[in-house]
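Reading the structure
Listed below are the residues making up each chain.
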Amino acid sequence: MAFYDYAHRTGWSYQADRWFHAASTIKIPVLLGVFAAIDRGKLQSYSRVHVRNRFLSAVGGQPFRVDPDRDSNVDVYSALGKTMQIRELARHMIVTSSNLATNVLIDILGLEEIQHTLRELGLHGIELRRGVEDIAAWEAGLNNRVTAAGLMNALRVVLEENRFSSDARREMMDILHSQEFRSGIPAGLPEAARVAHKTGEISTVAHDAGIVHLPDREPYVVVILTEWKPELGGRQSTIARISRAVYEYVTDGERNDD
Amino acid sequence: MANATMIDPAVLALPIVDAFELEEVHRSVLRPDELMADRAGRPRRLPRFFYEVDSWQTALTTSLTEYFELWEFMGVDVREAQPLRIFPRYVPCAVTLLATHLEVFRQAVNTYVRVAANGGYRSPGHRLNQHASPHCWGSAANIYRIGDEHLDSEEIIQRYSRMLSRLLPGAWIRPYGHGIGMADDHLHIDLGYVLVSPHDAPGDRRT
């Protein structure tokens, strides 16, 4: 895990450079790629994109589709054949973790464009190498990977003022704050906390990466990446407990406002 | 706006323009009468006469047949050339023939026939057009949904493909498959590289 506190300008970490399968946390770097393209004028947030469930594998170029049963978002599926705005797709990608929206955005931007953005931002510890549910690439061992440090720095880029336009930062923060899956980091925090975050979970990993805003305090960034045997449960409660421990550390155990 | 001839509003209330008369920003993308090579390398001559559409409202309210309206052939995304995403927009006159063919199909299936975004008219400047595609002639449609059925399986696509072949023997239907020149998530029908000069189109002013 990795942590950075803007109140004291300090941070600490535990195995922050260890690589994990990214699961859906890879959508944070895709979000950066989208808004970097908007800031560069290559796209507008209102640009319309054809919603099509057909993508080409990063290995071999064979077409593949996202499985509707693994994607909870019906809004994006109901737009198949039609168009959606970039900002709508970005929101669905983060807020409900839509795999279809993610792949549509990767498709319109191109993997190389997003990778270029990550390099430009100086973000290490993030490897975006394929779209979501690209089984052929997965079978070939080509996966999206992240480290806790990599994701933490990605979130810091969203928060800090010098890398994106204020409009882009505001919109990214708004999207991340709208996250609907709240059983990880937010579950360990008092009601008054606001968290801009992205979760990720597959059979062997469960992650959460977020920016925590507490009342009358500078925010902190915390990234919790965990690995599990597929049969084990208790993942979200574990992340919530770690989140709670971080919260108690930064508030020095003095807050009893929940 | 170019010199335009208004045809009988009772027929089709859209100005017909000669793309040679358009300003450079549009002419350079529409490329009237230019040759564009198809996938096999054969040169095809791009259309010259277009309907001028001044607004999305006009597209929404312009019927081409009983069941098809102009907007259904104008849905494009950010990959379309930027000048052609802003009104006035231009659609080749062959779109009326395409709509007429689809109307035959529509009446046979007796339910909605939906044309996909980027699946009606696409200009030669559209990023999906690496070769001359009948989409640039306004004479091709990608159908992604018929009634409640999404065309996303071989069985469904083949079923409608066979029906289309019977109804419209002169039309070309892209074979089902995953490779180049095939389709696996829509039904592509086209009438070929059709050039249409409507009765009231401007005359040829070039020498």
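That block above? That's the structure.
Below you will find a few notes about this structure.

Procedures and definitions
- Residues numbered from 1 in each chain as written.
- Chains lettered and ligands numbered in written order.
- Predicted model: local features only at pLDDT ≥ 70, side-chain atom pairs only at ≥ 80, totals over all residues.
- Helix = DSSP H or I, 4+ residues; strand = E, 2+ residues; numbered from the N terminus.
- Rg over C-alpha atoms; globule rule 2.2 N^0.38 Å.
- Contact = placed C-beta atoms within 7 Å.
- Nonpolar A, V, L, I, M, F, W, Y, C, P; charged D, E, K, R; others polar.
- Pairing = 2+ DSSP bridges.
- Buried ≥ 20, exposed ≤ 12 C-beta atoms within 10 Å, placed from the backbone.
- Axes fitted to C-alpha atoms, helices over the stretch in contact; angles between N-to-C directions.
- Parallel < 35°, antiparallel > 145°, perpendicular 65-115°, else oblique.
- Core = buried A, V, L, I, M, F, W, Y, C linked by C-beta atoms within 7 Å.

So, on to the overall build of chain A. Looking only at helices and strands, chain A has nine helices and twelve strands in total. In terms of overall size, chain A behaves like a compact globule, its C-alpha atoms giving a radius of gyration of 18 Å where 258 residues would be expected to give roughly 18 Å. Projected onto its principal axes, the C-alpha coordinates of chain A cover approximately 55 × 45 × 30 Å. Expressed as a percentage of contacts within chain A between residues at least 6 apart in sequence, the contacts between residues at least 24 apart total 68%.

At the interface, 15 residues of chain A touch 13 residues of chain B. For the side of chain A that touches chain B, the leading source of residues is strand S4 (residues 48-50) of chain A, giving three residues. Of the residues belonging to the side of chain A that touches chain B, the class tally is five nonpolar, six polar and four charged.

All names here are of chain A. Read from one edge of the open sheet, three strands run S3-S9-S8, paired in antiparallel fashion. Edge positions in the sheet fall to strand S3 (20-21) and strand S8 (126-127), since each of these pairs with one other strand and no more. Of the pairings in the sheet, the one linking S3 to strand S9 (residues 145-146) comprises two bridges and is antiparallel in character. In the sheet register, His 21 faces S9, and the bridge partner there is Arg 145.

This part is about the pairing of strand S8 (residues 140-146) of chain B. All names here are of chain B. Most of S8 is tucked away, with seven of its seven residues classed as buried. Sheet topology places strand S7 (residues 113-115) next to S8; three bridges connect them, and they run antiparallel. If you follow Val 115 over to S8, its bridge partner there is Ile 143. Strand direction decides the pairing type here: S8 and strand S11 (residues 187-190), joined by four bridges, are antiparallel. Counterpart to Ala 141 in the pairing with S11 is Ile 189. Bridge count between S8 and strand S9 (residues 149-150): two bridges; the pairing is antiparallel. Paired with Ile 146 across the bridge in S9 is Glu 149. Between S8 and the antiparallel strand that follows it, S9, lie two residues; Gly 147 among them carries a positive phi value of about 60°.

Here Phe87(B) and Pro88(B) are connected by a cis peptide whose omega angle stands at 5°. Within the element layout of this structure, Pro88(B) appears in the loop between helix H2 (56-61) and strand S6 (89-92). Phi is positive for Gln15(A), which is not a glycine, with a value near 50°. Among the secondary structure elements, Gln15(A) is positioned in the loop between strand S2 (10-13) and S3. Even without being glycine, Glu133(A) reaches a positive phi, approximately 65°. Positionally, Glu133(A) belongs in the loop between S8 and helix H6 (135-139).

This paragraph deals with the packing of helix H1 (residues 27-39) of chain A against helix H5 (residues 111-120) of chain A. Residue and element names in this part refer to chain A. Axis separation between H1 and H5 bottoms out at 9 Å; the angle between their running directions is 90°. If you check the angle between H1 and H5, you find them roughly perpendicular. Each of Pro 29, Val 30, Leu 32, Gly 33, Ala 36 and Ala 37 in H1 lies in contact with H5, whose residues at this interface are Glu 113, Ile 114, Thr 117 and Leu 118. A class-by-class count of the residues in the contact of H1 with H5 yields seven nonpolar, two polar and one charged.

On to the nonpolar core. Within the largest apolar cluster, 130 residues are counted, with the highest numbers of intra-cluster contacts made by Leu31(A), Val34(A), Leu105(A), Leu155(A), Val223(A) and Val91(B). Apart from the residues lying within four places of it in its own chain, the contact partners of Leu105(A) are Val30(A), Val34(A), Leu89(A), Ala90(A) and Met93(A).

The subject of this paragraph is the sheet that holds strand S10 (residues 194-201) of chain A. Residue and element names in this part refer to chain A. Strand order across the open sheet formed by five strands is S2-S1-S12-S11-S10, with antiparallel pairing between neighbours. The open sheet has two edge strands with one neighbour each: S2 and S10. Between one strand axis and the next, the sheet turns through 10° on average, direction left out of account. Looking at chain direction, S10 and strand S11 (residues 205-213) are connected through eight bridges and run antiparallel. Looking at S11, one finds that Gly 200 is bridged to His 207. Contacting strand S1 (2-5), S10, S11 and strand S12 (220-227), helix H9 (residues 235-250) crosses the sheet at an angle of about 150° to S12.

Here we take up the pairing of S1(A). Residue and element names in this part refer to chain A. In the sheet, S1 pairs with S2 via four bridges, with the strands oriented antiparallel. Paired with Asp 5 across the strands is Thr 10, a residue of S2. In this antiparallel pair of consecutive strands, S1 and S2, the connection spans four residues, and Arg 9 shows a positive phi of 55°. Where S1 lies against S12, four bridges are found, and the strand directions are antiparallel.

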